[in-house]
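An overview of the molecular structure
Here is how the chains run, residue by residue.
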Amino acid sequence: MNIPKNMIWDKDETISRDQLTELQLSRLRESLKQALKVPYYKKALAGLAPEDIKSLDDLRKLPFTTKADLRENYPLGMLAVNKSEISRIHGSSGTTGKPTFVAYTEKDVQNWSNLCARFLTAGGLRKDHLAHIAFGLGLFTGGFGLHFGINRIGAGIVPASAGNTARQVILLNDLAADALICTPSYALNIAEIARENGIEKLPLKFGFFGGEMWTDDMRDKIESELGLFATNNYGLSEIIGPGVSGDCCYRCGMHVQEDHFIVECIDPDTLEPVKPGERGELVFTSLTKEAMPIIRYRTRDISSLDYSPCDCGRTGVRMGRVYGRSDDMLIIRGVNVFPSQIEEALLQIEKAAPHYLIIIDRPGNMDKVTVKVELRPEDFSDKMTEMIHLKNEIHAAIQRIAQIGVNVELVAPYSLERSSGKAVRVIDNRVNKPE
Ligand code: DLL
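What comes next is a walk through the structure. Treat the numbers as computed from the prediction; the structure is a model and nothing was measured.

Reading the values: rules and limits
Residues numbered from 1 in each chain as written. Predicted model: local features only at pLDDT ≥ 70, side-chain atom pairs only at ≥ 80, totals over all residues. Heavy atoms only, no water. Helix = DSSP H or I, 4+ residues; strand = E, 2+ residues; numbered from the N terminus. Rg over C-alpha atoms; globule rule 2.2 N^0.38 Å. Buried < 20%, exposed > 50% of the residue type's maximum accessible area, 1.4 Å probe, protein only. Contact = heavy atoms within 4.5 Å. Areas by Shrake-Rupley, 256 points an atom, 1.4 Å probe, with all protein chains shown as cover. Pairing = 2+ DSSP bridges. Salt bridge = Lys/Arg side-chain N within 4 Å of Asp/Glu carboxyl O. Expected span 1.5 Å × (residues − 1). Axes fitted to C-alpha atoms, helices over the stretch in contact; angles between N-to-C directions. Parallel < 35°, antiparallel > 145°, perpendicular 65-115°, else oblique. Nonpolar A, V, L, I, M, F, W, Y, C, P; charged D, E, K, R; others polar.

In terms of helices and strands, the chain carries ten helices and 21 strands. In summary, the chain has a C-alpha radius of gyration of 22 Å against a globular reference of 22 Å for 435 residues, a match within 12%. Along the first, second and third principal axes, the C-alpha set of the chain runs to 75 × 55 × 40 Å. Looking at the 435 residues of the chain, the share that counts as buried comes to 54%. When contacts within the chain are restricted to residue pairs at least 6 apart in sequence, those whose partners lie at least 24 apart make up 67%. Accessible surface for the chain amounts to roughly 19100 Å². Of this, 51% is attributable to carbon and sulfur atoms.

Right, dumping it as structure tokens:
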């Protein structure tokens with residue numbers, strides 16, 4: 001495996017905490033000034049002026065912004081510039097209803113490209129590499145966000161976009177890209193199709209994966225199947241897209257790009273900050289965005305923050321893997337369960353392929369959870385005892401990690417639907433889901 005050397009793209013990634021605090025404070029005032037051009041924020045800030053922010057602690061005086069606020073201002077009510085100044089529009093599809101649109105000025109696009117160039121450099125991409133983008137090149141921020149970041153570094157791009165996995169494999173093999181850019185679940189699908197087509201090893205060296213929840217075990221699996229060095233990167237459309245944070249080569253948490261975003265980690269119930277290292281909901285405030293500045297956006301993503309120094313020299317606080325979303329948290333017979341716990345359990349069992357689907361029903365008054373687990377082709381057997389043993393093993397692992405009993409259904413290799421973007425892992429058929 002190619003472990004990249006530590007390399008820093010931009011000296012601002014290493015400024016001291018004191019310098020950072022000073023920079024954040026002055027940028028926060030500027031950003032508030034920009035936000036006050038949006039009628040929604042003018043009302044929500046209720047007379048609060050940028051000068052009222054004397055220290056970063058005063059951030060807590062500001063109101064939160066939620067997805068519902070953005071929806072109410074559909075399509076472009078949160079714009080702080082004239083429409084003529086828009087350089088790009090992206091959107092997040094969500095599972096229901098209309099997309100949420102986000103807009104960028106030319107300066108926003110430039111900043112965004114630089115943020116992506118930073119984490120790509122951190123994870124090993126250099127200008128002599130070729131990078132294959134298998135994110136959809138469209139309204140989704142993943143495709144074009146990464147495209148412009150790679151371009152900033154000067155590396156070559158194969159803009160494959162999403163879908164047609166067999167074709168992706170041909171391109172990856174024949175053009176010999178060094179880096180693969182997609183969701184972690186799609187990386188596994190690519191590995192699977194490559195294997196089916198008799199390709200032992202694609203020429204890939206690095207993988208930049210993000211856009212959905214994944215676990216450390218999933219990373220190990222992807223690395224062993226594709227023989228590359230995989231890093232995690234995180235972001236969300238409302239804040240900018242990819243580039244909010246990313247792993248460095250030491251992979252001990254994703255460095256938040258704090259010169260562009262202030263991050264808080266709060267208890268989603270009390271809305272009070274949690275202590276460093278404790279799990280809570282991440283909240284971001286943009287510091288440099290012109291088109292759509294955003295104040296204290298509640299992401300629903302559950303993670304934790306680590307302020308200890310990192311050997312790479314970057315000073316941005318490190319966020320842990322997203323454990324789940326507070327709205328993805330399943331309440332099963334009163335027990336809180338995150339899909340990531342089920343993934344963790346499944347990946348501990350060698351014979352279970354990393355493809356699964358969680359289905360929840362409530363036939364009477366009791367929640368019933370079925371976890372469909374695909375078997376690896378080589379382990380698919382018609383020996384009943386072996387299959388029962390495996391089912392029991394999976395059942396016990398889920399019970400141990402997620403503290404719930406589930407109905408395990410073993411399904412044939414390749415029978416679960418593959419996605420070329422964010423994988424759908426949960427189908428909740430309950431009519432009245434517990435809040
Ligand atoms: O998924 C932006 C992105 C694209 C990030 C490509 C990284 C790579 P949205 O479609 O708005 O934007 O979805 C944002 O995806 O709130 C998280 O729940 C989840 N997410 C994004 N990155 C990660 C990650 C893009 N590395 C939502 N780990 C976020 C876990 C992630 N979850």
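Quick look at the sheet that holds strand 12 (residues 297-303) now. The strand order across the open sheet formed by four strands is 10-11-12-15, and the pairing between neighbours is antiparallel. Only two strands of the sheet have a single neighbouring strand rather than two, namely strand 10 (261-266) and strand 15 (324-325). Bridge count between strand 10 and strand 11 (residues 280-286): six bridges; the pairing is antiparallel. Across the sheet, the residue bridging to Ile262 is Thr285, located in strand 11.

Oppositely charged side chains may form a pair once their charged atoms are brought near each other. The full count for this structure, using the stated rule, is 29 salt bridges. The salt bridge partner of Asp301 is Arg325, with a shortest N-O separation of 3.0 Å. One end of the pair, Asp301, is in strand 12; the other, Arg325, is in strand 15, and 24 residues separate them in sequence. Judged by its relative accessible area of 28%, Arg325 is partly exposed.

A separate point is helix 5 (residues 141-153). Within an α-helix, residues lying three or four positions from one another point in the same direction, as the helix has 3.6 residues per turn. Along its 13 residues, helix 5 runs 18 Å from first to last C-alpha, staying within 8% of the 18 Å computed at 1.5 Å per residue. Those residues of helix 5 that sit buried are Thr141, Gly142, Gly143, Gly145, Leu146, Gly149, Ile150 and Ile153. Of the residues flanking the end of helix 5, it is Gly154, one or two places downstream, whose phi is positive at about 100°.

Quick look at the packing of helix 4 (residues 106-122) against helix 5 now. Where helix 4 meets helix 5, the axes come as close as 7 Å, and the angle between the chain directions of the two elements is 75°. In this view, helix 4 runs roughly perpendicular relative to helix 5, as classed from their interaxial angle. Here Gln110, Trp112, Ser113, Asn114, Cys116, Ala117, Phe119, Leu120 and Thr121 of helix 4 come into contact with helix 5, specifically with Thr141, Gly145, Leu146, Phe148, Gly149, Ile150, Arg152 and Ile153. For the contact of helix 4 with helix 5, the residue count by class is nine nonpolar, seven polar and one charged.

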